[in-house]
Amino acid sequence: MTDSHPELTPDIKSTDLEEKPTAVLRETVPMNALREFFDRAYRSVMTAVQQQNVQLAGPPFALYRGMPTDVVDVEAGFPLAAPYPGGGAQAEESGVTAGTLPAGRALEAMHVGPYETLPETYNAVMARMQAESLTPGDAMWEYYLSDPATEPDPAVWKTLIVWPVA
């Protein structure tokens, strides 16, 4: 995402979000252990949601609270068609809980490429916020629109970044 490659500049849009119920696993995770956490979280959430007969309403996501450092406060899961009721032995054992993706104004940017280049798209979103005198919210999330298990080429992976503004 440089001036020499304008086609790589992400399209950043302002949007008004509606609140969405979610089922998530939330932990504080070292950055270098995120992949393992995501694998475990998505499996646990999927199992718990199926046991509760709640329908998924979107792709997997990860919500980050605060600015990531060498560790990150992250919750990973799925948006749902109805609130997650929780309960059940598996849900309690796995730590899966109900959550929400909040309503409000946000900037969205589609990142195309490997996860390692996500900071470039985040920097573009932050620059847009600064240009419009917007204050970034305390949390941001990513929807993972490509499944690395079925799309092996990281150059075409799509990740939708959503960053609410205060």
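Cut-offs and rules
- Positions within a chain are numbered from 1, following the residues in the order the chain's sequence is written.
- With pLDDT at 70 or above as the cut-off, local features in this predicted model cover only qualifying residues; side-chain atom pairs require 80 or more to be listed or tallied, and sums for whole chains, interfaces and linings still use all residues.
- The basis for every side-chain value is the complete set of non-hydrogen atoms in the structure, without hydrogens or water.
- By definition, any uninterrupted DSSP run of H or I lasting at least four residues is a helix, any uninterrupted run of E lasting at least two residues is a strand, and each is numbered from the N terminus.
- Under this definition, polar contacts are N or O atom pairs within 3.5 Å; protein pairs additionally need one hydrogen-donor-capable and one acceptor-capable atom, and for neighbouring residues in sequence, both atoms have to be side-chain atoms.
- Every residue carries a pLDDT, the predictor's confidence in it, which falls somewhere between 0 and 100.
- Any two residues having at least one pair of non-hydrogen atoms within 4.5 Å are treated as being in contact.
- Given the number of residues in a helix, its expected span is that number minus one, multiplied by 1.5 Å.
- Burial classes follow relative accessibility: with a 1.4 Å probe on protein chains only, a residue under 20% of its type's maximum area counts as buried, one over 50% as exposed, and anything between as partly exposed.
- Only one rule defines a salt bridge in this text: a Lys or Arg side-chain nitrogen within 4 Å of an Asp or Glu carboxyl oxygen.
- Within this analysis, the arc is defined by the directions that extend from the helix axis to the C-beta atoms.

Before going further, it helps to examine the environment of Glu142. Tracing the backbone shows Glu142 in strand 7 (residues 139-144). Residues Glu142 and Ala109, 33 residues apart in the sequence, show an inter-C-alpha distance of 9.6 Å. For Glu142, the side chain forms a polar contact with the side chain of Tyr144, separated by 2.4 Å.

As a further point, take the confidence of the model for the chain. Scored by pLDDT, the chain has a mean of 90; 91% of the residues are at 70 or more. Note that residues 1-7 has pLDDT below 50 and, in this model, seven contacts with residues that lie over four places away or in other chains.

A few words on helix 1 (residues 34-52). The end-to-end C-alpha distance of helix 1 is 26 Å, a good match for the 27 Å that 19 residues give at a rise of 1.5 Å each. Burial in helix 1 covers these residues: Leu34, Phe37, Phe38, Ala41, Tyr42, Ser44, Val45, Ala48 and Val49.

Now for the pattern of salt bridges. Counting across every chain of the model gives seven salt bridges. Across the salt bridge formed by Arg40 and Glu36, the nearest N and O atoms sit 3.1 Å from each other. Of this pair, Arg40 and Glu36 both sit in helix 1, separated by four residues, roughly a single helical turn. On the basis of relative accessibility, which here comes to 45%, the residue Glu36 falls in the partly exposed class. Three or more residues are tied together by salt bridges with common partners; here these are Glu27, Glu36 and Arg40.

Let us now look at helix 3 (residues 118-131). Over its 14 residues, helix 3 extends 20 Å from the first C-alpha to the last, a length consistent with the 20 Å expected when each residue adds 1.5 Å. Restricting attention to buried positions, one finds in helix 3 the residues Leu118, Thr121, Tyr122, Val125 and Met129. On an axial view of helix 3, the arc spanned by its buried residues comes to 100 degrees, and they lie on one face. Exposed side of helix 3, more than 90 degrees from the buried face: Asn123, Gln130 and Ala131 are the residues found there. In this fold, the buried residues of helix 3 make contact with strand 1 (12-17), strand 6 (104-112), strand 7 and strand 8 (158-164). In the stretch just after helix 3, Ser133 is the one whose phi turns positive, near 55 degrees.

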